[in-house]
Amino acid sequence: MKTILTPEKAAAATTVEAASAPPQRGNRQSTAAQALLRLMAWLSPAFPTGAFAYSHGLEWAVQSGDISDETSLHAWLGETITHGTGRNDTILLRHAHRAGDNTAMLTDIANLARATASCRERQSESLDQGRAFMLAAAPWGIPPAPQRIPYPVAVGAVAAHHAIPEHATASAFLQAFTSNLISAAVRLVPLGQTAGLRVLAALEVAILKVASETKAATLDDLGGCAFRSDLAAMRHETQYTRLFRS
């Protein structure tokens, strides 16, 4: 016996099918090309997060003589990426990405990120850039998020909202973090542009290593031993002559 599907039954069947379908993360699904374009835009030095105003303690390190040339800059940044903020921020970004549009989870991660900042300037650096990033990314669409959101949490949440792969986001974020600090060092030491690019190229191995190692990291793995970098950020707060905000 042939079943006749009336318009009412068809509408009901469509409703049931939609209700049983798996939920979509975010409101936009990005193609590979769109994901690349968005990461390039969001993590570009031209994106208005104010990153150029922060040295992450490098200004004090240059004044104290810890960083004076290409070799010492490479060593300093390698430790910061591997054992300091670079690693911690990448872990936070990954967990924010996994939280997606879950505001409660994002709030918990944001609170943890603020609590684990090594000093006032580091916390301000992250919160100011996080707020600026959310405002600047709004034309693409952003998820609901806590008002005081640290930078890596903001980047992870927005990337997840657009279904941009976690590992690509983490790798690009860490590259942008490193590039910004090299740009600050080029102005502070001073170094030539070519020397700065040699440092960036040499740190590629460390960037990829940290990006890979943080895949399985939990929030309990936050921490580090880049003590000199943390001390530099603390001492920068009382540095007499300053060009940068951190």
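Residues numbered from 1 in each chain as written. Predicted model: local features only at pLDDT ≥ 70, side-chain atom pairs only at ≥ 80, totals over all residues. Heavy atoms only, no water.

J.: What's the story with the overall build of the protein chain in this structure? I'm lost.
T.: Summing up its helical and strand segments, the protein chain has twelve helices and zero strands in all. Helices and strands in the protein chain line up, N terminus first, as α-α-α-α-α-α-α-α-α-α-α-α. Among the 246 residues that make up the protein chain, the fraction classed as buried is 48%. The contacts of the protein chain with a sequence gap of at least 6 include a subset with a gap of at least 24, amounting to 78%. Accessible surface computed for the protein chain: about 12,400 Å², of which carbon and sulfur atoms make up 60%. (Helix = DSSP H or I, 4+ residues; strand = E, 2+ residues; numbered from the N terminus. Buried < 20%, exposed > 50% of the residue type's maximum accessible area, 1.4 Å probe, protein only. Contact = heavy atoms within 4.5 Å. Areas by Shrake-Rupley, 256 points an atom, 1.4 Å probe, with all protein chains shown as cover.)

J.: What am I meant to see in the nonpolar core here?
T.: Generally speaking, soluble globular proteins have nonpolar side chains that are buried together. Trp42, Leu43, Phe133, Val153 and Val155 are the most contacted members of the largest nonpolar core, which has 31 residues in total. Of all the secondary structure elements, the ones that give two or more residues to this core are α2 (32-42), α5 (85-99), α6 (103-115), α7 (120-137), α8 (151-161) and α9 (166-188). In terms of residue count, α8 provides more of this core than any other element does, seven residues in total. Setting aside residues up to four positions removed in sequence, Val153 forms contacts with Leu92, Ala96, Leu106, Ile109, Ala110 and Ala113. Listed in part, the 27 residues of the second largest apolar core include Ala61, Trp76, Ala185 and Leu203. (Core = buried A, V, L, I, M, F, W, Y, C linked by side-chain atoms within 4.5 Å.)

J.: Quick question: what am I supposed to make of the side chain of Ser55 here?
T.: Within the secondary structure layout, Ser55 lies in the loop between α2 and α3 (58-64). Classification of Ser55 as buried rests on a relative accessible area of 0%. In this structure the side chain of Ser55 is engaged in a polar contact, spanning 3.1 Å, whose partner is the backbone nitrogen of Glu59. At a separation of 2.5 Å, a polar atom in the side chain of Ser55 contacts the main-chain carbonyl oxygen of Ser246. If we ignore the near neighbours within four places in the chain, the residues touching Ser55 are Leu181, Ala184, Leu188, Phe244 and Ser246. (Polar contact = N/O pair within 3.5 Å; in protein donor to acceptor, adjacent residues only side chain to side chain.)

J.: Would you mind going over the packing of α9 against helix α10 (residues 193-202) with me for this structure?
T.: Helices that pack against each other are described as a pair by the angle of their axes relative to one another and the distance between those axes. It is at 10 Å that the axes of α9 and α10 come closest, and there the two elements cross at 150°. On the basis of the axis angle, α9 is roughly antiparallel to α10. In the packing of α9 onto α10, the handedness of the crossing is right-handed. Of the residues in α10, those touching α9 at Gln175, Thr178, Ser179, Ile182 and Val186 are Gln193, Gly196, Val199 and Leu200. (Axes fitted to C-alpha atoms, helices over the stretch in contact; angles between N-to-C directions. Parallel < 35°, antiparallel > 145°, perpendicular 65-115°, else oblique. Left-handed = near helix turned anticlockwise from the far one by under 90°.)

J.: Got a minute to help me understand the layout of surface pockets in this structure?
T.: Space left empty within the atom packing is revealed by a probe, the size of a water molecule, rolled over the atoms. In this structure, the largest pocket occupies an estimated 890 Å³ of space. Lining the largest pocket are 44 residues, with Asp89, Glu125, Tyr151, Phe173 and Phe177 positioned closest to its centre. Put simply, the parts of the chain that give the lining of the largest pocket at least two residues each are α2, α5, α6, α7, α8 and α9. Counting residues per element, the lining of the largest pocket draws most heavily on α9, at ten residues. (1 Å grid on protein atoms, 1.4 Å probe; cavity = no way out; pocket = protein on both sides within 12 Å on 5 of 7 lines; lining within 4 Å. Points joined across faces, edges and corners; volume = space filled by probe spheres on them.)

J.: It is not clear to me how unusual backbone geometry should be interpreted in this structure. Could you clarify?
T.: With the exception of glycine, most residues fall at negative phi, and the peptide bonds are largely trans. Here the bond from Val189 into Pro190 is cis, since omega is -5°, no more than 30 degrees from zero. Along the chain, Pro190 turns up in the loop between α9 and α10. The phi angle at His56 is positive, at roughly 60°, despite the residue not being glycine. Take His56: it is sitting in the loop between α2 and α3.

J.: Can you walk me through the pattern of salt bridges in this structure?
T.: Opposite charge on two side chains makes pairing possible when the charged atoms of those side chains draw close. Within the structure shown, the criterion is met by nine salt bridges. Here Arg94 makes a salt bridge to Glu166, at a shortest N to O gap of 2.6 Å. Residue Arg94 is found in helix α5, and its partner Glu166 is found in helix α9; the two are separated by 72 residues along the sequence. This pair shows no difference in class: Arg94 is buried, exactly as Glu166 is. In this structure, the salt-bridge partner of Asp128 is Arg245, at a minimum N-O distance of 3.3 Å. Remark: Arg245 occurs in the segment after α12 (227-236) and Asp128 occurs in helix α7; sequence separation between them is 117 residues. The structure contains a network of salt bridges with shared partners spanning Arg94, Arg98 and Glu166. (Salt bridge = Lys/Arg side-chain N within 4 Å of Asp/Glu carboxyl O.)

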